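Listed here are the chains, written in short residue letters.
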Amino acid sequence: MDECFFIFVEAHLFFALQGTWHVITVYYREEHFHSKISLMLMISPRMATGMQEKQYSPSLLSFFIYNPKFGPREGEEEKKILFYHPSEVEKNEKIRNVGLCEAIVQFTRTFCPSKPAKSLHTQKNRQFFFEPEENFWIVMVVRNPMVEKANKEGRPAATEYQEEELLDNVYGAVLQQCYSMYKLFNGTFGRAMEAGAVELLTQKLEKFFYRYLQTLHLQSCDLLDVFGGISFFPLDKMTYLKIQSFVNRVEESLSLIKYTTFLYNDQLIWSSLEQDDMRILYKYLTTSLFPRHSEPELAGRDSPLRPEVAGNLLHYGRFLTGPTNLKDPDAKFRFPRIFVNSSDGYEELHLIVYKAMSAAVCFMISASEELGREFCEQLDGLVGPQLTLLASDICEQYNINRRISGPEKEPQFKFIYFNHMNLAEKSTIHMRKTASVSLTSVHPDLMKILGDIHADFVRVDEDEEIIVKAMTDYWVVGKKSDQRELYVILNQKNANLIEVNEEVKRLCATQFNNIFFLD
Amino acid sequence: LGESFGDNHYLELCESPVQFENASAVNNVFFDEANKQVFAVRSGGATGVVVKGPDDKNSIAFRMDDKGEVKCIKFSFENKILAVQRTSKSVVFPDKRSLKLLKSQSINVNWYMYCPETSVILLSTTVQGNVLQPFAFKNGTMSKMSKFEIELPAVPKPAKLSLSERDIAVATIYGQLYVMYLKHHSRTANSPGAEVVLYHLPREGPCKKTHTLKLNTTGKFALNVVDNLVVVHHQSSQTSFIFDIKMKDPDSTLNIHLPVLPPWSIHPYKIPLTGTSCYSSTWSVFQPDIIISASEGYLWHLQVKLQPVVNLLQDKGKLMDFLLRRRDCKMVILSVCSQMLIKGDKGNLPVVATVFDKLSQVYKEYLEAEQSYTTAVESGASRASTVHKRPVRTQAVIDQSDMYTHVLSTFTERKDSSHKFVIAVLMEYIRSLNQFQITVQHYLYELVIKTLVQHNLFYMLHQFLQYHVLSDSKPLACLLLSLESTYPPAHQLSLDMLKRLSTANDEIVEVLLSKQQVLGALRFVRSVGGHDNISARKFLDAARQTKDQMLFYTIFRFFEQRNQRLRGSPSFTPGEHCEEHVAFFKQLFGEQALMKPVTV
């Protein structure tokens, strides 16, 4: 065999800083030219300890938005605060906390003017800073996870904060998502300022974040939040073209429609909306709107195609936004409005979400148009029957394809894939997302390793590969090739580095054979 | 097609008719249906006989003795023998000829009708004359076909000859022989008008009544068959009806047909001196498409003009069905396609889809026939017994390049069509081709890409490629590469495509090297097993250009190891032209860094 391995050990700065982890970074070079592969051995103390303790997940301590320019003089500090959660906090404390953040940001700016501070680590919590628009700052304070050790001798329980558990990139992304979601439904902060000064902005912030913050589930945030990706529904060419045909026909008949997106099983198939807008809209649809409407859907799924209501309804189509029942004489024809990017700034649109069986279509229409009963009935009559048919076509085709590929091709691997170019993500680690939490099938510690590897990838431009040996026979492999990232979790008893490497190669050959993915 | 808009004359007489001396007291005119020749016999032949055929430019002229009134005069095939009939029971051949009786059949015959195209003779038998007995002639033999009965509108009492030869015509329609019966309006039956009943006369098997063409009017009619259409001329209204027996009314299972188009007159023909002429009472009509005006001395072929049909048939699906069955349809169909894309009415896309599907269907049938011909020829070349006929490519076969050249490329360049509609139409055409499993040519994809790029719709393009709607090909991958500067993700899309093609490994290496991804290129080559054959110089050049010394070291060492493995020595051969790089390596890392030969 002509291949020779050079293995040398090197202290790895990032992990060494984390203290509690035992880190060995192994650079291994194969034939001298294999790109950098890092191997890390990690032993988490948490995994090794016993059962007599109580775990507390990270939680939201506070969330506030301020603009330092709004109360520059002493005594006017309160004016800076545009939104503060929890609202019952005493005014002076609010001012103090905002002041502290302002000071930290100002202070750290002197070190690196182009990149202000993003987070502050303390023993009990971690603060995240984000300046989405000039001088508007959003701050999120998250309490570190805690372990409460039960005490046998009746002494008060000792609380231990786990300072290094939270990942900056994950919660930083969650914070940015908060802003993106606000912007989707309200436009920029600047827009509200123009339209109605601070009063309108604070009103809007209050209205939006009061509800939105309740839906934040900080304990289940992970790498997928960093990616903010879109799951695409796998589909054959012909069915895809049929969907194209359907979308084009509807847009032609109802020429008010500016953009259309098509989803099946909560996965995207088509979007004429631009990528960045689609990303946040997708997030809204899959984590908020669809889960809220999933119950009646599940009930109707098994029943065969039949007229739902006596009369002309020979389809399963229904509005998820706007009127719940067209037959209702008091039906309201109001749709949520969204803001998307356009060539001249942003545009405001009605968001119509219409669903038949597992197929959901979003139609977006300029907000300046009046939408009434007539339009909704026309849309229902046109789209309902076609979409019902299309949905059953897709379902049938999907089942055929699955039968062809067979169950043996179903991945036994646990992996997360993400492509920065089209935001495509695929995870076999995450279960179906529900309204409340995204369930993962692996231990949080492994999820954290994924996040750490990603943070490593972000720091370098080159293609890279990192292999981590975690506890309990788990191996975690991260690969970065061009704009794609792949994370694989393997659980093989007594596997060695070469075997793990081979296993990942095999995964790439079966799952990713149709893309250019360097091995 | 320089006709004014609104010209709905979809029938016309051919531009260059056969002209002959018009019938008069001294000039008798005869027409021979078999050779399609007109005989002008002056003074019983004494002052000359002029014979003109439809195709031959030179007429035949001769004299013969006037031995009484000529009842009928004909040439044999290729004008070899002339036969003249002067009495009802004798035929004279100017040359001395003898006839031999080959076969005789004893039947009471009222009248006969001969179809020269198919060599079938129809004999009218029985008292009413409505039982027809066909015979087929083939290679000098005569065979009796099964006889059949024409249903009369009313049975006369007492029985008498009720079926006239004037009401019967024989013609080939869509390759099949039909007996056409002009069934006049009967006062007793509650029918609103006359109809033409078609009896299909197969080579073997019984004759069957298959189609009924409803005229819904009464009067004097004459029949022609042009381009597989049955044309019924109605004298009193001076209009003609056309029927297409393949055009089925979806609601009817009885094969009852209505005229394809509203009845219209034949385009008036301008005759010098006498003026225009149409539906004259002196017209004689012969099968399949001949109209003779003996009094004016003209023989025309009747023709169908397709352009006026476009305006008269509003239903685009029906129109396409109609056009696709016509002989000279290609340019008309292509102009219909162009037209429908310009109008851009609401709800136009379903129509566009229907039209595309109809074109694809015919195109696919031709491709399949061609395919099975090719395989048959390849596999059965030794067996001479089966003669494979190459499928005929009719004008109705409209392929992708026709569509591209005449319709789509001009359509996409039009300033007034919205890009949304352009893309929708292109995708609809691609969908149609896919539905009929026709391989889409890459220039169609290029058109899609061009349109998307023009309007900055890169995200749409990305999605199309993601779902492989735009199929992989090297030209397409190269096109994507060229888009990288305006849309960076095109690079990844292009590499993916090259990878899937699996025949483009060299291109992948070039792309990676051009991006200075020397290590990536080398790893790729190794993964596909080509690393023993690549040029060391090319990679060392690329590595040196990166100005990354460690990279250069790594690449250099790789090739030293390859040399060692392949030739037992790490040094490069003069043929590899790497001297310059060896010197550079020594300069950077020193002589001692060169790999030492390993002796096993």
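Note on numbering: residues in each chain are counted from 1, in written sequence order. Chains carry letters from A onward and ligands carry numbers from 1 onward, assigned in written order. Two thresholds apply to this predicted model, a pLDDT of at least 70 for residue-level local features and 80 or more for giving and counting side-chain atom pairs, whereas whole-chain, interface and lining totals are computed over all residues. The side-chain quantities take in all heavy atoms of the structure and omit both hydrogens and water.

Side note on the nonpolar core
By convention a nonpolar core is built from buried Ala, Val, Leu, Ile, Met, Phe, Trp, Tyr and Cys residues, the set being connected through side-chain atoms within 4.5 Å. Categorising residues by exposure relies on relative accessible area from a 1.4 Å probe, with only protein chains included: less than 20% of the type maximum marks a residue as buried, more than 50% marks it as exposed, and the intermediate range marks it as partly exposed. Counting 239 residues, the largest nonpolar core has F209(A), F262(A), L408(B) and F539(B) as its most contacted members. Contacts are residue-level and defined by heavy atoms, with any inter-residue pair within 4.5 Å sufficient. The contact partners of L408(B), leaving out residues within four places of it in the chain, are L341(B), M403(B), V425(B), L426(B), Y429(B), L444(B) and L447(B). Among the nonpolar cores identified, the runner-up in size contains 21 residues, and W111(B), L122(B), F148(B) and V197(B) belong to it.

Here we look at the environment of V109(B)
Residue and element names in this part refer to chain B. Helix and strand assignments come from DSSP, with helices taken as H or I runs of at least 4 residues and strands as E runs of at least 2, each series counted from the N terminus. Residue position: V109 is located in the loop between β9 (90–92) and β10 (111–115). Sequence separation of V109 and L123 is 14 residues, and the distance between their C-alpha atoms is 6.1 Å. Dropping the residues within four chain positions of it, V109 is found in contact with L123 and S124.

Regarding the side chain of K183(B)
All names here are of chain B. Here K183 shows up in strand β16 (residues 176–183). Of the residues examined, K183 reaches a relative accessible area of 15% and is grouped as buried. Ignoring anything within four residues of it in the chain, the contact list for K183 reads E151, P153, A194, E195 and V197.

What about unusual backbone geometry?
The linkage connecting H85(A) with the following residue, P86(A), adopts the cis geometry, with an omega of 0°. Among the secondary structure elements, P86(A) is positioned in the loop between β6 (81–85) and α3 (91–109). For the bond running from Q287(B) to P288(B), omega is -5°, close enough to zero to count as cis. Backbone geometry at N216(B) places phi at a positive 55°, although glycine is not the residue there. Within the fold, N216(B) resides in the loop between β18 (208–214) and β19 (221–226). Taking the relative accessible area as the measure of exposure, N216(B) reaches 45% and is therefore partly exposed. Residue K547(B) is not a glycine yet carries a positive backbone phi of 60°. Structurally, the position occupied by K547(B) is in the loop between α13 (536–545) and α14 (549–567).

A closer look at the sheet that holds strand β5 (residues 49–52) of chain B
All names here are of chain B. For two strands to be treated as a pair, DSSP must find no fewer than two bridges joining them. Ordered by their spatial adjacency, 4 strands build an open sheet running β3-β4-β5-β6, and the pairing between neighbours is antiparallel. Strand pairing shows two members of the sheet lacking a second neighbour, β3 (27–32) and β6 (60–62), which therefore form its edges. With direction set aside, neighbouring strand axes in the sheet form an average angle of 15°. Simply put, an axis is a line fit to the C-alpha atoms, just over the touching stretch for a helix, and the angle between two N-to-C directions goes from 0 to 180 degrees.

Focus: the packing of α14(B) against helix α15 (residues 579–589) of chain B
Residues and elements named next belong to chain B. As a packed pair, α14 and α15 sit with axes 11 Å apart at the nearest point and diverge in direction by 125°. In terms of their interaxial angle, α14 and α15 are classed as oblique. Two packed elements cross with a definite hand, and for α14 against α15 that hand is left-handed. Only H581, V582, F584, F585, L588 and F589 of α15 make contact with α14, whose side of the interface consists of Q549, F552, Y553, F556 and R557. Roughly parallel means an angle under 35 degrees; roughly antiparallel means over 145; roughly perpendicular covers 65 to 115; every other angle is labelled oblique. A clockwise turn of the near helix away from the far one marks a right-handed crossing, whereas an anticlockwise turn of less than a right angle marks a left-handed crossing.

Some points on the packing of aromatic side chains
Residues and elements named next belong to chain A. Within 6.5 Å between ring centres, the rings of Phe, Tyr and Trp (the latter by its six-membered ring) count as paired, and their orientation is classed by plane angle as stacked under 30 degrees, edge-to-face over 60, tilted in between. The final tally for this structure, using the stated rule, is 49 aromatic pairs over all chains. Look at F63 and F209: their rings are 5.2 Å apart centre to centre, the planes differ by 40°, and that puts the pair in the tilted class. Pair noted here: F63 is in strand β5 (residues 59–66) and F209 is in helix α5 (residues 189–212), with a separation of 146 residues, a long-range link. For F63, a relative accessible area of 0% corresponds to the buried category. The interplanar angle of 80° and the centroid separation of 6.4 Å between the aromatic rings of F209 and Y212 together place this pair among those described as edge-to-face. With F209 and Y212 both in helix α5 and 3 residues apart, the pair spans about one turn of that helix. Every member of this aromatic cluster is reached through a ring pair, and the members are F63, F70, F83, F130, F136, Y179, Y182, F189, F208, F209 and Y212. Geometrically, a lysine NZ or arginine CZ counts as sitting over a ring once it is within 6 Å of the ring centre and also within 35 degrees of the ring normal. Over the face of the ring belonging to F290 we find K355, whose NZ or CZ atom lies 5.1 Å from the ring centre.

Overview of α3(A)
Residue and element names in this part refer to chain A. Multiplying one less than the number of residues by 1.5 Å gives the expected span of a helix. With 19 residues, α3 extends 27 Å between its outermost C-alpha atoms, agreeing within 8% with the 27 Å of an ideal straight helix rising 1.5 Å per residue. Every buried residue of α3 is accounted for by K94, I95, V98, C101, E102, I104 and V105. Against the buried residues of α3 lie β5, β6, β7 (119–121), β8 (125–133) and β9 (136–143).

Examining the domain arrangement of chain A
Reported domain spans reflect what an automatic or database domain assignment gives. When the domains of chain A are assigned, the result is domain 1 (57–221), domain 2 (237–291 + 316–405) and domain 3 (413–512). One C-alpha centre belongs to domain 1 of chain A, the other to domain 3 of chain A, and the line joining them spans 30 Å.

Quick word on the pairing of strand β22 (residues 484–491) of chain A
Residues and elements named next belong to chain A. The buried count for β22 comes to 7 of 8 residues, which makes it a mostly enclosed element. Inspection of the sheet shows strand β18 (residues 414–419) paired to β22 by 6 bridges, in the antiparallel sense. Counted as the bridge partner of F418 is E485 from β22. Of the strand pairs in this sheet, strand β21 (residues 474–481) and β22 are connected by 8 bridges, and their pairing is antiparallel. Counterpart to W475 in the pairing with β22 is L490.

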